[in-house]
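Listed here are the chains, written in short residue letters.
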Amino acid sequence: QKEVEQDPGPLSVPEGAIVSLNCTYSNSAFQYFMWYRQYSRKGPELLMYTYSSGNKEDGRFTAQVDKSSKYISLFIRDSQPSDSATYLCAMSPYGGATNKLIFGTGTLLAVQP
Amino acid sequence: GAVVSQHPSWVICKSGTSVKIECRSLDFQATTMFWYRQFPKQSLMLMATSNEGSKATYEQGVEKDKFLINHASLTLSTLTVTSAHPEDSSFYICSPGMDYGYTFGSGTRLTVV
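So, here's what we can say about the structure. Everything numeric in this text was worked out from a predicted model, so none of it was measured.

**Looking at the packing of aromatic side chains**
(1) Moving on: Within the structure shown, the criterion is met by twelve aromatic pairs over all chains.
(2) Moving on: With centroids separated by 5.0 Å and ring planes inclined at 50°, the aromatic side chains of A:Tyr32 and A:Tyr51 adopt a geometry described as tilted. Of this pair, A:Tyr32 sits in strand 4 (residues 32-38) while A:Tyr51 sits in strand 5 (residues 45-51), and the two are 19 residues apart along the sequence.
(3) Moving on: Considering the side-chain rings of A:Tyr36 and B:Phe104, the 5.3 Å spacing of their centres and the 85° angle between planes classify their relative orientation as edge-to-face. One end of the pair, A:Tyr36, is in strand 4; the other, B:Phe104, is in the loop between strand 9 (90-95) and strand 10 (108-112), on a second chain.
(4) Moving on: With relative accessibility at 0%, the residue A:Tyr36 sits in the buried group.
(5) Moving on: On the accessibility criterion, B:Phe104 (7% relative accessible area) is buried.
(6) Moving on: Through a chain of ring-to-ring contacts, three or more aromatic side chains come together here, namely A:Tyr32, A:Tyr49, A:Tyr51 and B:Tyr102.

Shown next, in the form of structure tokens:
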């Protein structure tokens with residue numbers, strides 16, 4: 001079993017839709033949770049970063065962490081064609097410069113105009 | 001925010017040759033740099049961690065003699081793929097880690113023919 005599971009998609013939605021992206025994980029030691037957006041042949045861009053359980057909102061993006069269920073989500077409101085990309089979840093068991101990130105395989109999202 | 005400059009963005013090389021990839025921290029000094037690899041349709045996987053002034057540490061299964069990592073200064077970390085083979089074709093990317101916002105370089109697409 002992989003430490004982090006993510007539905008690879010592809011996920012296709014119409015412009016303006018609410019998008020829900022999810023990851024599950026097995027390691028209860030994970031404390032830091034990130035969502036990245038990656039355009040084709042580019043490096044990942046950090047969208048959201050949360051610590052432990054709870055919600056965090058930034059513009060059209062909302063990240064949720066449920067540690068009891070080992071489940072994290074990213075919601076995108078009013079989705080735009082420019083949101084079309086691969087979305088990666090990542091997590092880490094502890095902070096500091098010596099940590100390493102465990103990534104999901106990414107979900108390919110296509111927002112249709 | 002922390003900016004990491006990675007070069008080259010893409011490279012094609014012949015089997016058996018060596019390729020050097022550079023990551024430079026432009027507006028900060030990094031004592032540590034994390035090197036990841038991403039094969040098509042797979043998640044980013046940590047390969048190794050470079051440390052300024054000391055030897056790099058490698059993840060299990062990564063050949064240290066094949067992937068030479070050097071952290072020459074607080075602003076430069078390099079990854080050299082020696083005697084590259086087609087199976088080394090991948091997307092290589094660096095990150096300075098949590099202390100610098102979990103940012104990533106733009107990545108290097110390596111194709112070995």
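**A closer look at the sheet that holds strand 8 (residues 76-81) of chain B**
All names here are of chain B.
(1) Moving on: Across the sheet, which stays open at both edges, the four strands sit in the order 1-3-8-7 with antiparallel pairing between neighbours. Taken across any chain shown, the strands that pair with only one partner, and hence form the sheet edges, are strand 1 (4-7) and strand 7 (67-73). Along the sheet, successive strands turn relative to each other by an average axial angle of 15°, direction set aside.
(2) Moving on: Inspection of the sheet shows strand 3 (residues 19-25) paired to strand 8 by six bridges, in the antiparallel sense. Across the sheet, Cys23 pairs through a bridge with Ser77, a residue of strand 8.

**A word on the nonpolar core**
(1) Moving on: Among the nonpolar cores identified, the biggest contains 25 residues, and A:Val4, A:Trp35, A:Ile72, A:Leu74, A:Ile76, A:Tyr87 and A:Met91 are the most heavily contacted of them.
(2) Moving on: If near-sequence neighbours (up to four positions away) are discounted, A:Leu74 is found in contact with A:Val19, A:Ser20, A:Leu21, A:Trp35, A:Leu47, A:Met48, A:Phe61, A:Thr62, A:Ala63 and A:Tyr87.

**Examining the interface of chain A and chain B**
(1) Moving on: Each side of the interface is counted separately: chain A has 22 residues, and chain B has 19 residues.
(2) Moving on: The junction of chain A with chain B conceals about 1700 Å² of combined surface from both sides, 58% of it contributed by carbon and sulfur atoms.
(3) Moving on: Put simply, chain A and chain B have one salt bridge between them.
(4) Moving on: Between B:Glu59 and A:Lys100 there is a salt bridge, with the nearest N and O atoms lying 2.7 Å from each other.
(5) Moving on: Here the side of chain A that touches chain B is built from residues that sort into ten nonpolar, nine polar and three charged.

**Let's talk about unusual backbone geometry**
(1) Moving on: Between A:Gly9 and A:Pro10 the backbone carries a cis peptide bond, its omega angle lying at 5°.
(2) Moving on: Structurally, A:Pro10 is set in the loop between strand 1 (4-6) and strand 2 (11-14).
(3) Moving on: Each neighbour pair has its own omega, and for B:His7 with B:Pro8 the value is -5°, a cis peptide bond.
(4) Moving on: For B:Pro8, the position within the fold is in the loop between strand 1 and strand 2 (10-13).
(5) Moving on: In this model, A:Ser52 sits at a positive phi of 60°, which is unusual for a non-glycine residue.
(6) Moving on: The exposure class assigned to A:Ser52 is partly exposed, which follows from its relative accessible area of 22%.

Thresholds applied
Residues numbered from 1 in each chain as written. Chains lettered and ligands numbered in written order. Predicted model: local features only at pLDDT ≥ 70, side-chain atom pairs only at ≥ 80, totals over all residues. Heavy atoms only, no water. Phe/Tyr/Trp six-rings, centres within 6.5 Å; stacked < 30°, edge-to-face > 60°. Helix = DSSP H or I, 4+ residues; strand = E, 2+ residues; numbered from the N terminus. Buried < 20%, exposed > 50% of the residue type's maximum accessible area, 1.4 Å probe, protein only. Pairing = 2+ DSSP bridges. Axes fitted to C-alpha atoms, helices over the stretch in contact; angles between N-to-C directions. Core = buried A, V, L, I, M, F, W, Y, C linked by side-chain atoms within 4.5 Å. Contact = heavy atoms within 4.5 Å. Buried area = accessible area lost by both parts, 1.4 Å probe. Salt bridge = Lys/Arg side-chain N within 4 Å of Asp/Glu carboxyl O. Nonpolar A, V, L, I, M, F, W, Y, C, P; charged D, E, K, R; others polar.

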